Amino acid sequence: MKARVTISLKNGVLDPQGKAIEHALHGLGFAGVNDVRQGKIIELDLGDLSKEEAPAAVERMCTQLLANTVIENYSVELLD
Amino acid sequence: MKARVTISLKNGVLDPQGKAIEHALHGLGFAGVNDVRQGKIIELDLGDLSKEEAPAAVERMCTQLLANTVIENYSVELLD
Amino acid sequence: MKATVIVFPGSNCDRDLKVAIEQSMGTAPDMVWHADTDLPDTDLIAIPGGFSFGDYLRCGAIAGNSPIMREVVKKAAAGTPVLAICNGFQVATETGMLPGALLRNANQKFICRDVDLKVISQNERFVGAFEQGQTVRFPVAHHDGNYFADDETLKRLDGEGMIAFKYADEDGTVNEGTNINGSVDNIAGIYNENGNILGLMPHPERLISDQLGGTDGKIFFDNLVNSLS
Amino acid sequence: MTKITDEIVAEHGLSTSEYEQVLKILGREPNLTELGIFSVMWSEHCSYKSSKKWLKTLPTEAPWVICGPGENAGVVDIGDGQAAIFKMESHNHPSYIEPYQGAATGVGGIMRDVFTMGARPIANLNALRFGRPDHPKTRHLVSGVVAGIGGYGNCMGIPTVGGETNFHESYDGNILVNAMTVGLADTDNIFYSAAAGIGNPVVYVGSKTGRDGIHGATMASAEFDDDSEEKRPTVQVGDPFTEKLLLEACLELMATDAIVAIQDMGAAGLTSSSFEMADKGGVGIQLDLDHVPMREEGMTPYEIMLSESQERMLMILKPGREDEAKAIFEKWELDFAVIGKVTDTGRMVLTMNGEVAADLPVAPLADSAPEYDRPWVKTEVAAPIMGDAVKAPNDLGDTLLTLMGSSAIASRKWIWEQYDHMVMGDTIQRPGGDAAVVRIHGTDKALAVTTDCTPRYCFADPETGGAQAVAETWRNLTATGAKPLAITDCMNFGNPQRPEIMGQFVGCIDGMRKACLALDYPVVSGNVSLYNETNGTGIFPTPAIGGIGLLQQSDQMATIAFKEAGETILVVGETRGEMGQSIYLKEIEGREEGAPPSVNLEVERQNGDFVRSAIHEGLITAAHDMADGGFLVALAEMALAGKLGADLDLPSDIPLHAYCFAEDQARYIVTATAENAEKLMKSAESLNVPLQIIGTTSHNELKIGDILSISVEDVRSVHSNWLPDLMAAPK
Ligand SMILES: Nc1ncnc2c1ncn2[C@@H]1O[C@H](COP(=O)(O)OP(=O)(O)O)[C@@H](O)[C@H]1O
Ligand SMILES: [Mg+2]
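Cut-offs and rules
Residues numbered from 1 in each chain as written. Chains lettered and ligands numbered in written order. Predicted model: local features only at pLDDT ≥ 70, side-chain atom pairs only at ≥ 80, totals over all residues. Heavy atoms only, no water. Helix = DSSP H or I, 4+ residues; strand = E, 2+ residues; numbered from the N terminus. Rg over C-alpha atoms; globule rule 2.2 N^0.38 Å. Buried < 20%, exposed > 50% of the residue type's maximum accessible area, 1.4 Å probe, protein only. Contact = heavy atoms within 4.5 Å. Areas by Shrake-Rupley, 256 points an atom, 1.4 Å probe, with all protein chains shown as cover. Lys, Arg positive; Asp, Glu negative; His and termini not counted. Charge placed at Lys NZ, Arg CZ, Asp CG, Glu CD. Buried area = accessible area lost by both parts, 1.4 Å probe. Salt bridge = Lys/Arg side-chain N within 4 Å of Asp/Glu carboxyl O. Polar contact = N/O pair within 3.5 Å; in protein donor to acceptor, adjacent residues only side chain to side chain. Phe/Tyr/Trp six-rings, centres within 6.5 Å; stacked < 30°, edge-to-face > 60°. Lys NZ or Arg CZ within 6 Å of the ring centre and 35° of its normal. Donors = N, O, S within 2.8 Å, 3.2 Å for Na, K, Ca; no water. Near = heavy atom within 4 Å. Nonpolar A, V, L, I, M, F, W, Y, C, P; charged D, E, K, R; others polar.

Novice: For this particular structure, what's the right way to read the overall build of chain C?
Specialist: Secondary structure assignment for chain C yields seven helices and eleven strands. Computed over its C-alpha atoms, the radius of gyration of chain C comes to 16 Å, within 12% of the 17 Å expected for a compact globule of 229 residues. The principal-axis extent of the C-alpha atoms belonging to chain C is close to 45 × 35 × 35 Å. Sorting the 229 residues of chain C into buried and exposed places 63% on the buried side. Of the contacts formed within chain C by residues at least 6 apart in sequence, a portion of 76% connects residues at least 24 apart. Here chain C displays about 7,600 Å² of accessible surface, and carbon together with sulfur accounts for 44% of that area. Charge centroids of chain C, computed over 18 positive and 31 negative side chains, lie 3 Å from each other.

In structure tokens:
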């Protein structure tokens with residue numbers, strides 16, 4: 001089965017990328033755009049992990065590697 | 001209203017980040033994980049753009065800036 | 001001869017490039033700010049390395065949309081020679097002036113060191129001072145130099161002599177072991193179809209005197225100036 | 001309004017007596033904002049309350065010193081109307097909590113300290129201490145810290161040219177990340193932080209203020225325990241791109257005469273910057289916090305004053321120059337806001353939404369910051385261990401391989417290749433030598449820069465260790481041919497409330513003081529980081545020293561690389577065989593014992609001056625000082641750098657292994673043509689500098705008669721593979 005992990009910066013954490021993108025969009029004439037935030041999405045094929053094991057396993061992947069829980073939140077979607 | 005743009009590498013474009021993550025996950029003992037791909041999520045507040053204008057506008061943002069269509073696909077979700 | 005260096009917010013090799021061009025050309029190039037809308041008339045447009053707009057979103061993406069780049073693209077299409085180094089190469093691919101794209105290095109790390117490059121196809125204007133097949137030494141300093149192009153593009157690059165440099169070792173061997181960043185076919189630099197644009201990740205402007213550790217860069221710029229004057 | 005309870009006071013790290021002092025100064029209870037301000041101003045980090053008494057004893061003057069400690073960075077004259085401005089600073093705790101951002105913002109912070117004085121940064125260095133290589137956290141911390149330092153410096157386009165890296169279990173739970181920046185300015189255009197001119201506008205520039213790193217400053221003074229992971233939300237995120245714009249904008253404005261005073265917002269952000277500017281100028285400041293550019297909704301005065309958002313500066317402008325300044329910052333797409341004015345009240349008055357949020361007297365708060373004379377005990381020093389007391393190794397070659405592939409000596413290439421060390425086009429000596437050398441752009445001059453400290457020496461004997469750290473930087477600069485000018489320091493120690501730790505601090509300072517005096521090598525800036533402990537165990541005392549030196553003729557620079565086969569190899573300095581605390585003892589016998597090698601500062605100076613003038617006279621083709629690992633390690637490093645070998649005939653008056661691996665100080669290896677070697681021997685004799693011919697350079701091999709014969713390439717592989725292998729091994 002597959003998983004999709006969405007990672008975004010915690011509220012209040014500075015997002016330099018988002019800031020720069022917002023600036024650039026203004027430059028391109030999209031003046032009204034604001035509050036741009038950039039996040040990550042990671043899709044993985046879980047191979048032989050069973051429906052039962054998957055949730056806990058992906059959770060561990062997130063805390064141990066995929067997300068930097070100091071500044072990031074993450075959410076997991078399991079797809080099959 | 002708000003928009004969420006999801007950007008992912010086209011199939012066939014090798015994904016160094018995804019590969020590195022896959023490698024690291026194997027190192028952490030998640031041996032079965034494969035086909036890891038990393039993408040971007042960009043969330044924007046469209047400010048005063050109307051429901052009618054929004055789709056075309058976000059489309060233009062994507063082609064002009066947010067995505068590099070040589071290597072990336074993108075999809076747009078409008079939320080309000 | 002007159003040369004122009006484009007400067008973006010976050011460019012940081014603009015001065016180095018200016019110094020190198022001036023050393024070979026005798027006079028200083030014009031430095032043109034990204035927000036300007038027209039270019040002075042010039043025999044060479046140089047796009048420097050650095051972190052334009054912080055390399056945020058994608059390296060070179062935001063710079064590629066700045067006002068001055070519309071002019072650069074026009075002039076390039078009209079045949080003005082363009083030298084795009086490192087971040088400049090990324091900007092050039094983002095604008096479509098050059099094919100392909102530059103992804104994160106395969107090992108995910110920034111890499112700064114001298115590399116040996118094999119000169120693949122001749123282009124009098126840019127590498128006339130070197131023999132086809134010889135190796136030259138320029139430094140690299142990048143995080144996103146992993147060149148990608150799809151198969152047709154690669155065929156075209158190969159078939160039409162558009163590959164300028166490949167990552168090699170001192171003896172010109174090109175293989176996995178000499179591929180410092182994962183680029184397809186070890187590609188370090190390419191030309192456009194017309195051969196008037198060179199984009200490369202390595203920095204010739206960084207080895208322009210013995211005191212800096214080498215002179216291949218000086219040879220490169222001397223030739224460029226001679227061929228354009 | 002929040003009632004100030006004992007809990008709240010305690011949370012703000014103020015002792016009962018300190019809080020009584022607060023009440024005395026105010027004559028009333030503080031509100032929460034005021035309490036917060038006191039707590040950061042009186043934190044160890046901002047007030048130096050435990051260290052001040054001892055820092056005052058350091059020599060800070062020399063004819064070439066333009067500005068010593070007390071400003072954002074130290075300033076030394078390098079001739080021709082130019083000055084070098086430099087400082088080192090710690091970002092230890094933040095880097096342990098979030099290695100990438102912690103290290104990155106550390107680099108950003110020290111660069112602001114330098115360009116706030118009007119200097120363009122021209123070189124960065126970093127002194128790193130990690131736990132033992134096989135500690136579960138070490139590799140995560142190494143990769144994060146190195147990526148963070150590179151991520152920030154590379155983007156700024158300032159070359160990171162040097163540093164040092166140690167691994168030791170005493171840092172397992174408390175790594176050290178010390179960042180140093182060297183900048184270049186014109187002596188007639190240096191900027192200071194004393195506010196002046198009643199009525200002058202107080203201006204805020206740079207990034208917007210968010211809730212970043214609130215209480216970072218107090219956190220940096222709080223001892224770590226296992227739940228400090230909980231302190232995580234305080235981590236700031238660096239934006240090197242904005243800092244690059246801020247650098248260019250500040251330098252552009254500094255080219256005009258619009259600025260009266262300027263100060264970066266570092267730890268304790270707006271609070272310490274505004275109080276320091278007011279206190280230095282003996283004036284008051286009135287701030288309207290409504291005008292502070294904010295990134296987030298509903299920030300309180302407390303949050304605004306304590307925020308540690310990065311990439312911000314505070315300036316006092318000349319009256320009427322606001323528009324001119326604003327135009328520059330807008331060109332660079334940075335925030336610019338007039339947030340207050342200089343007053344004659346001697347008070348810091350903060351208003352928000354028309355209400356007074358805080359009203360504090362500047363001088364009492366700044367000057368009557370507590371200053372402690374903490375109890376301390378002198379460290380017991382073990383007896384020296386001389387060579388004849390250490391048994392000879394079975395095989396000299398294997399021993400050399402073990403040392404060259406050890407955590408202390410193995411190549412740091414894996415680190416510096418992640419740093420752009422060539423950008424700006426003036427790096428004429430890259431990382432890997434004794435000191436890095438960068439040209440002063442467009443001149444014949446160059447600056448040599450290095451950082452050094454041998455914590456295991458400091459632990460065994462703080463006074464000797466403190467002197468040795470200063471002496472080693474002096475030696476590393478000297479080995480390039482540079483004249484050492486001055487140092488900056490970063491004093492990393494444990495909990496000063498423990499007398500033995502305070503004793504380490506006092507001892508190191510005393511050793512540093514003696515070395516600075518003997519070598520004419522004053523301290524012009526520095527930083528103190530205390531409470532570096534985890535669950536009660538202190539780190540090794542680590543007074544990291546950053547030194548800079550001047551080469552008048554950059555083409556006279558020496559490097560460590562052997563240049564040609566057939567040249568004479570000479571050793572400057574005496575080898576008595578001091579093996580206490582040596583890498584040899586640790587790696588071969590598994591002991592960290594004995595007294596560190598003694599430091600004789602007269603000899604240090606005499607030997608160094610001899611080497612430097614020989615370099616200037618062109619008599620020397622390569623020079624390298626001997627440090628960790630001793631003679632044979634230093635020799636091997638010269639062979640590796642030059643891709644050549646050596647054929648050695650060593651003195652027999654002390655045991656061979658002692659000659660090869662003892663860490664006696666004040667020694668150098670140099671090479672010269674046979675003819676120049678003779679000249680050197682003569683002048684050394686007349687100056688009675690110990691100098692001995694010990695061999696000749698050759699090809700491929702290191703050879704000592706029939707005792708040692710080892711291929712240089714074998715040495716290279718252990719030396720260069722250790723760190724990459726460590727970092728590549730599966731997690
Ligand atoms: N963290 C680092 N960043 C950059 N360069 C480093 C770092 N650590 C060590 N180096 C470089 O590695 C070389 C060897 O370091 P070190 O053993 O401390 O030299 P020395 O013994 O001469 O002081 C020096 O050139 C030093 O600048
Ligand atoms: Mg040294």
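Here the narrative resumes.
Novice: Which parts of the structure should I look at to understand the interface of chain A and chain D?
Specialist: Accessible area lost when the parts come together is the quantity often used to give the size of an interface. Taken together, the contact between chain A and chain D spans ten residues of the former and 14 residues of the latter. A combined buried area of about 1,000 Å² lies between chain A and chain D, and 61% of that area is made up of carbon and sulfur atoms. For the chain A face of the interface with chain D, the top three residues by lost area are A:Gly12, A:Leu14 and A:Val70, together amounting to 48%. Taken together, the connections running from chain A to chain D amount to one salt bridge. Of the charged contacts, one joins A:Lys19 and D:Asp239 as a salt bridge, the two residues approaching to 3.2 Å between their closest N and O atoms. Applying the counting criterion to the chain A and chain D interface returns five residue pairs in polar contact (both at pLDDT 80 or more).

Novice: What is the right way to read the packing of aromatic side chains from this model?
Specialist: Centre-to-centre distance and the angle between the planes together describe a pair of aromatic rings. Within this structure, the stated rule accounts for 17 aromatic pairs over all chains. A connected cluster of aromatic rings, assembled from ring pairs, spans C:Phe138, C:Phe165, C:Phe220 and C:Phe221. Over the ring of C:Trp33 we find D:Lys331, and its NZ or CZ is 5.6 Å from the ring centre. Sitting over the face of the ring of D:Trp64, D:Lys483 holds its NZ or CZ atom 4.8 Å from the ring centroid.

Novice: It is not clear to me how the coordination of the magnesium ion (ligand 2) should be interpreted in this structure. Could you clarify?
Specialist: The expected angle between donors at a tetrahedral four-coordinate metal is 109.5 degrees. At an octahedral six-coordinate metal it is 90 or 180 degrees. All names here are of chain D. The magnesium ion (ligand 2) binds to the protein through Asp434 (OD), Asn476 (OD1) and Asp625 (OD); the donor distances cover 2.0 to 2.4 Å. Read N to C, the donor residues that coordinate the magnesium ion (ligand 2) are spaced as D-x41-N-x148-D. Of this pair, Asn476 sits in helix 18 (residues 462-478) while Asp625 is found in strand 23 (residues 622-625), placing the two residues 149 residues apart along the sequence. On the accessibility criterion, Asp625 (2% relative accessible area) is buried.

Novice: Looking at this model, I keep getting lost on the side chain of C:Asn192. Mind explaining?
Specialist: Residues and elements named next belong to chain C. Mapped onto the elements of the fold, Asn192 is located in the loop between strand 10 (187-191) and strand 11 (197-200). There is a polar contact of 2.7 Å between the side chain of Asn192 and the side chain of Asn196. Apart from residues lying up to four places away in sequence, Asn192 is in contact with Met97, Leu98, Met162 and Ile197.

Novice: So what exactly am I meant to see when it comes to the site of ligand 1 here?
Specialist: Residue and element names in this part refer to chain D. Neighbouring ligand 1 are 18 residues, the closest being Asn126, Thr165, Gly432, Gly433 and Asp452. Contacts to ligand 1 include Gly433, whose backbone N or O atom sits 2.7 Å from an oxygen atom. Mapped onto the shell around ligand 1, the elements with two or more residues apiece are strand 4 (120-130), strand 5 (160-167), helix 16 (413-416) and helix 18. Among the elements that make up the shell around ligand 1, the one with the highest residue count is strand 5 (four residues). Looking at the shell around ligand 1, its residues break down into six nonpolar, seven polar and five charged.

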